Amino acid sequence: VSLKYAMTLDGKIAADGGDSKWITGVEARTYAHYLRKTHDAVIVGKNTVLQDDCELTTRMVEGKNPVRIVLDSKCSIPANSKILNDEARTIVAVGENPSLTNLNALKLLKNVEVIELPENNGKLDLAALMKYLAEQEITSLLVEGGSEVHGAFLDAGFAERVYAFIAPKIIGGRNALAPVGGNGCKDMGKALRLTDIEYKELGCDLLITGRTERD
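Residues numbered from 1 in each chain as written. Predicted model: local features only at pLDDT ≥ 70, side-chain atom pairs only at ≥ 80, totals over all residues. Heavy atoms only, no water.

**Some details on the sheet that holds strand β2 (residues 41–45)**
Taken in spatial order, the nine strands make up an open sheet running β5-β4-β3-β2-β8-β1-β9-β11-β10, and their pairing is mixed. Here the strands that pair on one side only, and so sit at the sheet edges, are β5 (112–116) and β10 (193–202). Pairwise comparison of adjacent strand axes, ignoring direction, gives a mean angle of 20° for this sheet. Contacts from helix α1 (residues 26–37) reach β1 (2–8), β8 (141–143), β9 (161–167), β10 and β11 (205–213), with the element oriented near 165° to β9. Strands in contact with helix α5 (residues 147–155) are β1, β2, β3 (67–71) and β8; relative to β1, the strand with the most contacts, it is inclined by about 140°. (Pairing = 2+ DSSP bridges. Helix = DSSP H or I, 4+ residues; strand = E, 2+ residues; numbered from the N terminus. Axes fitted to C-alpha atoms, helices over the stretch in contact; angles between N-to-C directions. Contact = heavy atoms within 4.5 Å.)

Put into structure tokens, the structure is as follows:
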């Protein structure tokens, strides 16, 4: 499981108003599409779909499209969302009380599969999702979700690698989102560390990647 995000120098993944196109330049975005090609699946939360109407394909590089996964507990994404097109298989993970109208609409779409997951404190059970993906022989997952999805994977202990793209820009704004939400840690001594660090220049942007290290 790899976490991928693009952020500014001041640690923001979107402006206060929600706009995030584009934080990085074309070289970094092309490399992000390469990462999709090298993973079996890519996953986002429903807010990313609603905000960006993303496709999550590898259109900027040659290669296979990953399986696309959306975490959408209430089944609220529109049936005409680009991520539901027939460019690749898409899995929509819903919770225990989804919108039946939207659910039925998604079930009619080609290459779209809807699965129901249990919930813990109102959040989809990621352990159940990981078990299902393993049963589907999906063995590598690129997490491109927003702040809360990244935080959920880190809090659950599933993230094994991080790809952080850093752009030489400053957005500011106390309400602008950071790349990782969730519960986090309470003191610096418990901060998640990265090992086997690699640095790569991509145009004017910088990629830092490494494996997560846990006590």
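**A short note on α1**
In this model, α1 (twelve residues) spans 17 Å end to end at C-alpha, consistent with the 16 Å of a helix rising 1.5 Å per residue. Tucked inside the fold, the buried residues of α1 contact β1, β8, β9, β10 and β11. (Expected span 1.5 Å × (residues − 1).)

**Topic: the state of the cysteines**
For the structure shown, the criterion picks out zero disulfides. Cys-54 provides the cysteine sulfur closest to Cys-75, a residue in no disulfide bond, and the two sulfurs are 16 Å apart. (Disulfide = S-S within 2.5 Å.)

**A look at the pattern of salt bridges**
Taken as a whole, this structure holds five salt bridges when the rule is applied. Where Lys-4 meets Glu-144, a salt bridge forms, and the shortest distance between an N and an O atom there is 3.5 Å. Here Lys-4, found in strand β1, pairs with Glu-144, found in the loop between β8 and α5; they are 140 residues apart in sequence, far enough to count as distant. Of the residues examined, Lys-4 reaches a relative accessible area of 15% and is grouped as buried. For Glu-144, a relative accessible area of 11% translates into the label buried. (Salt bridge = Lys/Arg side-chain N within 4 Å of Asp/Glu carboxyl O. Buried < 20%, exposed > 50% of the residue type's maximum accessible area, 1.4 Å probe, protein only.)

**Quick word on the pairing of β10**
Where β10 lies against β11, eight bridges are found, and the strand directions are antiparallel. Bridging from a neighbouring strand, Leu-194 pairs with Thr-212 of β11. Linking β10 back to β11 in an antiparallel pair, the connection comprises two residues, with Gly-203 at a positive phi of about 65°.

**Looking at the environment of Asn-65**
Mapped onto the fold, Asn-65 is located in the loop between α2 (46–52) and β3. Given the relative accessible area of 25%, Asn-65 is considered partly exposed. Residues Asn-65 and Ser-20 lie 45 residues apart in sequence; the distance between their C-alpha atoms is 23 Å. Engagement of the side chain of Asn-65 in a polar contact is seen with the backbone nitrogen of Thr-58, the distance being 2.8 Å. Among the polar contacts made by the side chain of Asn-65, one reaches the main-chain carbonyl oxygen of Glu-87 at a distance of 3.2 Å. (Polar contact = N/O pair within 3.5 Å; in protein donor to acceptor, adjacent residues only side chain to side chain.)

**A few points about the pairing of β1**
The buried fraction of β1 is high, at seven of seven residues. What you see with β1 is no split at all: Ser-2, Lys-4, Ala-6 and Thr-8 on one side and Leu-3, Tyr-5 and Met-7 on the other are buried throughout. Pairing analysis gives two bridges linking β1 to β8, with the strands arranged parallel. In the strand pairing of β8, Ser-2 is matched with Leu-142. Pairing of β1 with β9 involves seven bridges; the strand directions are parallel. Within β9, the position partnered with Leu-3 by the bridge is Val-162.

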